[in-house]
Amino acid sequence: QVQLVESGGGLVQPGGSLRLSCAASGSIFTIYNMRWYRQAPGKQRELLAVITSGGSTSYVDSVKGRFTISRDNAKNTVYLQMDSLKPEDTAVYYCNVDGVPIATMTLDNYWGQGTQVTVSS
């Protein structure tokens, strides 16, 4: 199995920055795409950014130019640098990965537990 642990959420003022981390642990053979989602109260979960194993990235328009996804393959960790934060960025942020655990050698999809980000003055 692959376990995902997120960190870095919190309370920040509008215009501020936060950096989220999501570390994958377990007996992992490899990890392919890594993603960040968010879910605001009363709204559907929204895909924000994707990074491939080769480092290619894509973003939803609402965060393009403000958020940056990156990864450290040696640490099986994905990051989300969030700048110029707005109150509408308030949500629970989730990481999501496509991984292959050694135990099964089967590609599966895994979610983190979520971390709260609140943007407020």
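Quick caveat: nothing in here was measured; it's all calculated off a predicted structure. (Residues numbered from 1 in each chain as written. Predicted model: local features only at pLDDT ≥ 70, side-chain atom pairs only at ≥ 80, totals over all residues. Heavy atoms only, no water.)

J.: Is there a simple way to think about unusual backbone geometry in this case?
T.: Most peptide bonds adopt trans geometry, and most residues besides glycine take a negative phi value. Residue Asn76 is not a glycine yet carries a positive backbone phi of 50 degrees. Note that Asn76 resides in the loop between strand E7 (67–72) and strand E8 (77–82). Judged by relative accessible area, which is 24%, Asn76 ranks as partly exposed. The backbone of Ser84 sits at a positive phi, close to 50 degrees, despite the residue not being glycine. With respect to the secondary-structure elements, Ser84 resides in the loop between E8 and strand E9 (91–101). (Helix = DSSP H or I, 4+ residues; strand = E, 2+ residues; numbered from the N terminus. Buried < 20%, exposed > 50% of the residue type's maximum accessible area, 1.4 Å probe, protein only.)

J.: Help me out: how do you make sense of the side chain of Asp98 in this one?
T.: By secondary structure assignment, the location of Asp98 is in strand E9. You can call Asp98 buried: its relative accessible area is 15%. Those residues within four positions of Asp98 in sequence are excluded, and the remaining contacts are Ile31, Tyr32, Asn33, Arg35, Leu107, Asp108 and Asn109. (Contact = heavy atoms within 4.5 Å.)

J.: What am I meant to see in the pairing of strand E4 (residues 28–39) here?
T.: Regular strands show a simple pattern: their side chains alternate between the two faces of the sheet. Bridging between E4 and E9 involves 9 bridges; their strand directions are antiparallel. Within E9, the residue paired with Tyr37 across the bridge is Tyr94. Turn length for the E4-strand E5 (residues 46–51) hairpin, with the two strands adjacent in sequence and antiparallel, is 6 residues, and the turn residue Gly42 shows positive phi of about 75 degrees. (Pairing = 2+ DSSP bridges.)

J.: What is the right way to read the nonpolar core from this model?
T.: A general feature of soluble globular proteins is that nonpolar side chains tend to end up buried together. Membership of the largest hydrophobic core comes to 29 residues, with the highest contact counts inside it found for Leu4, Trp36, Phe67, Val78, Leu80, Met82 and Tyr93. Residues in contact with Tyr93, not counting those within four places in the same chain, are Glu6, Leu20, Tyr37, Arg38, Leu48, Phe67, Leu80, Met82, Gly114, Thr115 and Val117. (Core = buried A, V, L, I, M, F, W, Y, C linked by side-chain atoms within 4.5 Å.)

J.: I tried to follow the environment of Leu48 on my own but got confused; where do I start?
T.: If you trace the backbone, Leu48 turns up in strand E5. Residues Leu48 and Gly112, spaced 64 residues apart in sequence, show a C-alpha to C-alpha distance of 15 Å.

J.: Please clarify how the environment of Thr30 should be interpreted in this entry.
T.: Mapped onto the elements of the fold, Thr30 is located in strand E4. Taking C-alpha positions, Thr30 is 14 Å from Gly55, a pair spaced 25 residues apart along the chain. Non-local contacts of Thr30, meaning those with residues more than four positions away in its chain, are made with Gly99 and Val100.

J.: Quick question: what am I supposed to make of the pattern of salt bridges here?
T.: A side chain with one charge may pair with a side chain of the opposite charge, provided their charged atoms come close. Summed over all chains, the structure comprises 5 salt bridges. Between Asp61 and Lys64 there is a salt bridge whose closest N-O contact spans 3.0 Å. Its relative accessible area of 49% is what places Lys64 among the partly exposed residues. Between Asp89 and Arg66 there is a salt bridge, with the nearest N and O atoms lying 2.7 Å from each other. You can see Asp89 sitting in the loop between E8 and E9 and its partner Arg66 sitting in the loop between strand E6 (57–59) and E7, a full 23 residues away along the chain. Ionic contacts of the salt-bridge type, sharing partners, join the residues Arg38, Glu46, Arg66 and Asp89 into one network. (Salt bridge = Lys/Arg side-chain N within 4 Å of Asp/Glu carboxyl O.)

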